[in-house]
There are 2 protein chains.
Amino acid sequence: MRTSVLATVESHRCFGGTQAVYLHNSESTRSPMRVGVFQPEGEGPFPVLYFLSGLTCTEQNFITKASVQRYAAEVGMMVVAPDTSPREVDIPGADESYDFGTGASFYVDATEPPWASHYRMYSYVTHELPKWIAQHLPADIHRQGICGHSMGGHGALMIGIKNPDMFRSVSAFSPICAPMQCPWGQKAFQGYLGNDAQAWAQYDSVELIKARGYARELLVDLGSDDPFVVQQLKPELLQAACRQRNVRLSLRWQSGYDHSYYFISTFIKDHIRFHADRLR
Amino acid sequence: MRTSVLATVESHRCFGGTQAVYLHNSESTRSPMRVGVFQPEGEGPFPVLYFLSGLTCTEQNFITKASVQRYAAEVGMMVVAPDTSPREVDIPGADESYDFGTGASFYVDATEPPWASHYRMYSYVTHELPKWIAQHLPADIHRQGICGHSMGGHGALMIGIKNPDMFRSVSAFSPICAPMQCPWGQKAFQGYLGNDAQAWAQYDSVELIKARGYARELLVDLGSDDPFVVQQLKPELLQAACRQRNVRLSLRWQSGYDHSYYFISTFIKDHIRFHADRLR
């Protein structure tokens, strides 16, 4: 299957630019993939911010609920929001739970059957999607950043830390900081990667920082009323790893906020500016 | 059934305030009704903007997709977004079409059976809901405005024009301007109000303006790429009626925009400021 030309699922004028959803055939996931793209007014080339969403989301959640377009328009940034997993692939059980399979890729390249045939979102996000964006849209792929929420916050941190030359700015909302040490991550890594602890560590932000450090600053926002902090997100492990390796981590506790898109919409402006400053 | 105390369905901190959804038993519709309320930071009392949504919407669409909270927080305004019809009432056929029945009340008091027993959204929005808001929340009911989109734009114009002392500011996105003269409106008015043209005229903004004028300014935004303009929205009829009665209508064509919430989110700031200026 060749990476296809873009098919436009929807397109709307928004803050002087265009919010579209495109559909293309992915070689990585061997499936059609949807991706939301906000393109600001003008000719570009524009810096690009990738946003990875959380469990149960599609490409729609971020583009409809985060109020991001105004700020992206203000700084002239393209925002690319892929889907959170392949869909409608022929894998029995893919739709059985909210935290594994459809809508729950964890942005890894699965090695265990039957997932390995389609669940290759790490390759999709780090290789195929940026190439496809560069080919079809006025993007400056030398100026790319990555952000995400919850499972997608894990994805953004993990992908950003592993690929510092590709993604020059990294931030996250409410990230799963240490998937190897929380129930959501353990279930997913077991299913996608099997029992190999070394394979797990390749996709765990805390282990990655401990092993290789990270030379840029990380911005992380968390809500003080987020019900997932203690059992699933474990930001204290990210803080400890960053302290150990002298990584600059700006971790902000936002008082009274929860895990929802109402939280993201309130602080997305700060993240857009964080990325814009680093992608000039 | 007594108007109940408020039950909180959900509540999220957002832009320093709170975005909640409440559930209460409505006497008007003889059903439980959901209503989204953004309450800004502080003690109030706050001016109140009602927002009426369009066909197929619930209270969720506006509160999740319009990016309104930032601007409401900036000016210290409460925003109240009711559902678009009663739900789960025992009326055969209520769920059969997208443009009549559930999600499609047209904000009238139905007189035809079987709708008359529950579809009394005009009374709900103009009497019961403001009273309920005043009773339970720090609202200043002497400073109320109304806005809406599409079917809810019709609702906002119609209710605002009929109740100028209650709603001191009125605006709309992509409103159905003359329901008596378009297919959506004709179907709904026939079903809810029967064949009585005088009954229809009570709920038609163009007829209301022709009959009684309107002393305040109206703000209306329309997208030049809105596919419903010609057949359903008919803004030229509103312009003609306003011209005839010397009503100040600020009708703005927004180039390239469509009928979606991406359009609303781009211009909601202007509407919030329009209302805030008039509710000082």
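Let us look at the structure shown here. (Residues numbered from 1 in each chain as written. Chains lettered and ligands numbered in written order. Predicted model: local features only at pLDDT ≥ 70, side-chain atom pairs only at ≥ 80, totals over all residues. Heavy atoms only, no water.)

Structural notes on the interface of chain A and chain B
And then number 1: Every contact between the two is made by 25 residues of chain A and, on the other side, 25 residues of chain B.
And then number 2: Across the chain A/chain B interface, buried area totals approximately 2,000 Å², and carbon plus sulfur atoms make up 50% of it.
And then number 3: If you look at where chain A meets chain B, you find 13 residue pairs in polar contact (both at pLDDT 80 or more).
And then number 4: Mapped by element, the contributors of at least two residues to the side of chain A that touches chain B are strand E1 (7–14), helix H1 (59–65), helix H2 (69–75) and helix H10 (261–278) of chain A.
And then number 5: The residue makeup of the side of chain A that touches chain B, split by class, is 7 nonpolar, 12 polar and 6 charged. (Contact = heavy atoms within 4.5 Å. Buried area = accessible area lost by both parts, 1.4 Å probe. Polar contact = N/O pair within 3.5 Å; in protein donor to acceptor, adjacent residues only side chain to side chain. Helix = DSSP H or I, 4+ residues; strand = E, 2+ residues; numbered from the N terminus. Nonpolar A, V, L, I, M, F, W, Y, C, P; charged D, E, K, R; others polar.)

As for the side chain of Ser-260 of chain B
And then number 1: Locating Ser-260 of chain B in the fold gives a position in the loop between strand E9 (249–254) and helix H10 (261–278).
And then number 2: Here the side chain of Ser-260 of chain B touches Asp-258 of chain B through a polar contact of 2.7 Å, side chain to side chain.

Topic: the pattern of salt bridges
Think of it this way: side chains of opposite charge can pair up when their charged atoms draw near.
And then number 1: Tallied over the entire structure, the rule returns 24 salt bridges over all chains.
And then number 2: The salt bridge partner of Arg-87 of chain A is Asp-83 of chain A, with a shortest N-O separation of 2.5 Å.
And then number 3: Looking at Asp-83 of chain A, the relative accessible area reads 4%, which means it is buried.
And then number 4: Across the salt bridge formed by Glu-207 of chain B and Lys-210 of chain B, the nearest N and O atoms sit 3.6 Å from each other. Pair noted here: Glu-207 of chain B and Lys-210 of chain B are both in helix H7 (residues 205–212), with a separation of 3 residues, about one helical turn.
And then number 5: Under the relative-accessibility criterion, Glu-207 of chain B is labelled partly exposed at 25%.
And then number 6: Given the relative accessible area of 33%, Lys-210 of chain B is considered partly exposed.
And then number 7: Members of the salt-bridge network, linked through shared partners, are Arg-70, Glu-74 and Arg-273 of chain A. (Salt bridge = Lys/Arg side-chain N within 4 Å of Asp/Glu carboxyl O. Buried < 20%, exposed > 50% of the residue type's maximum accessible area, 1.4 Å probe, protein only.)

Description of helix H4 (residues 151–162) of chain B
All names here are of chain B.
And then number 1: The first and last C-alpha atoms of H4 sit 17 Å apart over 12 residues, in line with the 16 Å expected at 1.5 Å per residue.
And then number 2: For H4, the buried fraction is high: 12 of the 12 residues fall into the buried class.
And then number 3: Among all positions of H4, only Met-151, Gly-152, Gly-153, His-154, Gly-155, Ala-156, Leu-157, Met-158, Ile-159, Gly-160, Ile-161 and Lys-162 are buried. (Expected span 1.5 Å × (residues − 1).)

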